[in-house]
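# Per-entry structural report
Each chain, letter by letter, is given below.
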Amino acid sequence: MKGLDIINGSYRSPRPARTSGWIPSLRFYRRLLDILYKLGVEAKKNGLVNDNFHATAYGILKALEGSGVEFEVNGVENVSSVDGPCVYMPNHMSVLETFVLPGFICPYKEMTFVIKDSLLKYPVFRDVMVAMDSVVVKRVNARDDLNVVLTEGAKKLAGGKSMIIFPQSTRTLDFSPKNYNTMGIKLALRAGVPVVPVAVKSDAWRAGRILKDFGKIDASKKVYITFGRPMRIKNRGAEEHKESIEFICGWLEKWGVNVVR
C-alpha cells in the first residue's frame, strides 16, 4: 500500500500510542466521515478509479492507527505475484476488512466487491458502491444471489477486475466452517481465475448497537490479516474449498479466535 513499508510481503504498524474508552472512536470517526464524504463527492462528480480506493483504504488504515489500532498483515506477495484477476475470499468479522483490504489489492489489481443491498441505504456508501461497479445481492434467496454473482461477477472478472466476496452470510466474531459457503469457489470456477483465501481478525472495530457498521473502536485489539496462496480450481472445487477453510481456521486459532468446528 502506498506509504506503507511492506517488507517481504508483510506490514507491521508502528507501535501506536494506546488509548482507551471512547477516545479511539472519537478520533477515528471524525477522520472517517471526512474521508468518506470526500470520496462520495468524487464518486458522484467524476466516478472512481482504482487509485481512489487505494488512497481511501490507506487513509482509513492510518486513521485507525492514529486511534491506537495496530495492524499485522502477511502474505501480500500472494496478491502481487499473480497475473490477472482473482477471487478473494475473506472471513467476515467486521466492516474493517471492507474498508482496508482494497488497500493491499488495488496497488496490483483493479477490483470490486460482492456486497449486500443494505449497504446501498447509506447515502455515502450508495454513491461509492455504485461507482465501484459492485455486484449487489439481497441475502434473501441463496439461489437468486448465486445466479447474480455467477453472472455479473464473471463479467467483472472477464473484464480484468478482481472480486472480494465474503462467503459468510453475516459478520461474526467467531468462525464456523459450515457458514463459509462455496459461492466464491463457484465464481472462480466459472470465470477460470484463482481463489485466494484471506484470514482476518478485525474485532478492533466493533458492531454498533444502533448502526451495525459503526461501533466502538477497541484499540486494545490488534488487527491481523493474512493472504493465502492462490489456488486454481480443479474439478468442482471441493478440495480448494476445504483448503481455504483450513487456512482460515489455522490462522484464526493462532490469533485466539473461537472456531466452531
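Residues numbered from 1 in each chain as written. Predicted model: local features only at pLDDT ≥ 70, side-chain atom pairs only at ≥ 80, totals over all residues. Heavy atoms only, no water.

### As for the overall build of the protein chain
When helices and strands are tallied, the protein chain shows 8 helices and 8 strands. For a compact globule of 261 residues, the expected C-alpha radius of gyration is about 18 Å, and the protein chain comes in at 17 Å, within 12% of that figure. Counting only C-alpha atoms, the protein chain reaches 50 × 45 × 35 Å along its principal axes. Put simply, 76% of the contacts in the protein chain that link residues at least 6 apart link residues at least 24 apart. Carbon and sulfur atoms make up 51% of the accessible area of the protein chain, which amounts to about 12,400 Å² in all. The protein chain carries 39 positive and 26 negative side-chain charges, and their two centres are separated by 3 Å. (Helix = DSSP H or I, 4+ residues; strand = E, 2+ residues; numbered from the N terminus. Rg over C-alpha atoms; globule rule 2.2 N^0.38 Å. Contact = heavy atoms within 4.5 Å. Areas by Shrake-Rupley, 256 points an atom, 1.4 Å probe, with all protein chains shown as cover. Lys, Arg positive; Asp, Glu negative; His and termini not counted. Charge placed at Lys NZ, Arg CZ, Asp CG, Glu CD.)

### Considering the packing of aromatic side chains
The tally for this structure, following the rule as stated, stands at 10 aromatic pairs. When the centroid spacing of 6.5 Å and the interplanar angle of 50 degrees are considered together, the rings of tyrosine 11 and phenylalanine 104 count as tilted. Taken as a pair, tyrosine 11 in strand S1 (residues 11-12) and phenylalanine 104 in helix H4 (residues 96-105) lie far apart in primary sequence, 93 residues in all. Residue tyrosine 11 is classed as buried on the basis of its relative accessible area, which comes to 3%. (Phe/Tyr/Trp six-rings, centres within 6.5 Å; stacked < 30°, edge-to-face > 60°. Buried < 20%, exposed > 50% of the residue type's maximum accessible area, 1.4 Å probe, protein only.)

### Quick word on the environment of alanine 204
Tracing the backbone through its elements, the reader meets alanine 204 in the loop between strand S7 (195-201) and strand S8 (223-227). Owing to a relative accessible area of 2%, alanine 204 belongs among the buried residues under this scheme. Sequence spacing of alanine 204 and serine 25 is 179 residues, and the spatial spacing of their C-alpha atoms is 10 Å. Those residues in contact with alanine 204 that sit more than four places away from it in its chain are Val69, Lys216, Ile217, Asp218, Lys221 and Val223.

### Some points on the side chain of serine 162
For serine 162, the location among the structural elements is in strand S6 (residues 162-164). A relative accessible area of 0% means that serine 162 is categorised as buried. Sequence-distant contacts of serine 162, defined by excluding residues within four places in its chain, comprise Pro85, Cys86, Tyr88, Lys109, Glu110, Met111, Thr112 and Leu157.

### Some words on the pattern of salt bridges
Inspection of the entire model under this criterion finds 14 salt bridges. Between lysine 155 and glutamate 152 there is a salt bridge, and its shortest N-O distance comes to 3.7 Å. Of this pair, lysine 155 and glutamate 152 both sit in helix H6 (residues 142-158), separated by 3 residues, roughly a single helical turn. Taking relative accessible area as the criterion, lysine 155 reaches 54% and is therefore assigned exposed. A cluster of three or more residues bridged by salt bridges with shared partners is formed by Arg12, Glu70, Glu72 and Lys222. (Salt bridge = Lys/Arg side-chain N within 4 Å of Asp/Glu carboxyl O.)

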